[in-house]
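Fold and contact review
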Amino acid sequence: MLDIRRISTSRWWHKKKNWILFVIFLFLVFVRISKGSIYKDFYYFISKPFWPGQFQREVLLKSVNQESLIKLNLLKKDNARLREILSLKDSSKKDNISAAVISRKTGSWWRQLILNKGAKDGVEIGSVVIGPGGLLGIVNKTSLFTSSVTLLTSPESKVGVWLDRVQINGLLVGLGDNYPSLILYSNDADIKVGDFVSSSPSSSLLPPNIPIGIIQSIDEPFKAKKTAKISLLGKPHVIDWVQIIKVKI
Amino acid sequence: MNKFFTTKLSIVVFILIPIIFLWHPSWLGFLGVQPYWPLFWLLPWSMINGSINGLIFGLFLGLILDSLTINSDFTQIPGLILCGFWFGKIKLHSANLIIGHFRYGLICSLGSFLCGTIYFLQILLKNFLDSTFLLLIPSIQNILAEVFLTGIFAPLICSQLLRMFKFSGKK
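Residues numbered from 1 in each chain as written. Chains lettered and ligands numbered in written order. Predicted model: local features only at pLDDT ≥ 70, side-chain atom pairs only at ≥ 80, totals over all residues.

1. Some details on the nonpolar core
Membership of the largest hydrophobic core comes to 77 residues, with the highest contact counts inside it found for Val129 of chain A together with Phe40, Leu42 and Leu43 of chain B. Not counting the four nearest positions on each side in its chain, phenylalanine 40 of chain B is found in contact with Cys108, Phe153, Ala154, Ile157, Cys158 and Leu161 of chain B. (Core = buried A, V, L, I, M, F, W, Y, C linked by C-beta atoms within 7 Å. Buried ≥ 20, exposed ≤ 12 C-beta atoms within 10 Å, placed from the backbone. Contact = placed C-beta atoms within 7 Å.)

2. Notes on the confidence of the model for chain B
Here chain B shows a mean pLDDT of 82. Residues at 70 or above account for 84%. With pTM at 0.68, the complex prediction returns an ipTM value of 0.73. (pLDDT = per-residue confidence, 0-100.)

3. Quick notes on the pairing of strand S3 (residues 128–131) of chain A
Residue and element names in this part refer to chain A. Covered by surrounding structure in S3 are Val128 and Ile130 together with Val129 and Gly131, the residues of both alternating faces. The pairing of S3 with strand S4 (residues 134–142) spans four bridges and is classified as antiparallel. Across the sheet, residue glycine 131 finds its bridge partner in S4, namely glycine 134. Counted between consecutive antiparallel strands, the loop separating S3 from S4 contains two residues, among which glycine 133 sits at a positive phi close to 115°. Across three bridges, S3 lies against strand S12 (residues 241–245) in antiparallel orientation. By the bridge assignment, valine 129 is partnered in S12 with isoleucine 244. (Helix = DSSP H or I, 4+ residues; strand = E, 2+ residues; numbered from the N terminus. Pairing = 2+ DSSP bridges.)

4. Side note on the pairing of strand S10 (residues 211–218) of chain A
Residue and element names in this part refer to chain A. As paired elements, strand S9 (residues 196–199) and S10 share three bridges and run antiparallel to each other. By the bridge assignment, serine 198 is partnered in S10 with proline 211. Relative to strand S11 (residues 226–232), S10 is paired through five bridges, and the arrangement is antiparallel. Looking across to S11, one finds that isoleucine 215 is bridged to isoleucine 230.

5. What to know about the sheet that holds strand S8 (residues 181–184) of chain A
Residue and element names in this part refer to chain A. Read once around its circumference, the closed barrel built from six strands follows the order S6-S7-S8-S11-S10-S9, with strand pairing classed as antiparallel. Going from strand to strand, the sheet's axes swing by 45° on average, the running direction of each strand aside. Sheet topology places strand S7 (residues 168–173) next to S8; three bridges connect them, and they run antiparallel. Within S8, the residue paired with leucine 171 across the bridge is isoleucine 183. (Axes fitted to C-alpha atoms, helices over the stretch in contact; angles between N-to-C directions.)

Structure, rendered in structure tokens:
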């Protein structure tokens, strides 16, 4: 009779292994109820050191930049070849001259820059001056060491421009203030505020496709003319260094 | 050397005008416009030396300043000649010192208005058919800003220059 009596220490809850299994079971029930969120959060912390970090971003950006540069160069070459076929005006990068602004008059009637490169450095009258943002003006006078640039805002300045969105040519006229006027000799030109203005691809004075400005406001049509104020992209009152581009005739 | 500077002070200042004109200190500007610098020299010079001298040096100033600007179609000479001649007619002595100072401001403002208007008329005539109506508002703004600034600085600069020129002339 005594032999079959169960010893109290051999009950299931006295075994450590069973408790471990129970805890694991409870944990799995919790995981099931929380729909795996604890796993995901845990994975968040252990995978953090292996995320695509700053370094990878820089590498990717560098690759994208290189790709864009290659595409740009290919397009430039293509453009130059096509322009050569069409016998249009062009400029090459080797013709660029960097120059510093040594005097600037950007107010009143006399809107001009004086640059520290002149005839000695190969600057010619009619050369185009660009700065960060785009076209600034055209070289109007050269001395041995300096050249004077008529800014687009000068009342003397008149250049042909191109509106890419509506595919139309216009005339950009300086008025003696900071916003030159775009004159379109077509009353029904569908221009809008924010349209981009660049140098005309068929211009005989300027190299093609140089950014100039953005339409800031459109005036009421007057005598078969449409006029608009242009906000220039290049700001001559703050630019200290410019590029002079020789224009091949 | 010092003697040269004191006796020929007016000539030294005359040489400085084109430099200031080119320098174009933007911190002195209003709406991007500068005071009309040559008048600050021309007024005391003409008041001391008379109308004919004023006319001649107005022409000289105009020639120099035209050579510094690249607007080959327009000139500053007529305005400066007229101002030089007119300034020479103005009497030197003033009963009241403060009124004298303000008088310089008023005279230079009117001179600046005259020069600006003559310059604007030249631009207007050249662009008569193209963009007359577009030029009007910016041009008026330019003239008024220049008149305002010239009027403000003239009492300070002209009275000092007049004193210095008179002093150097006596030596």
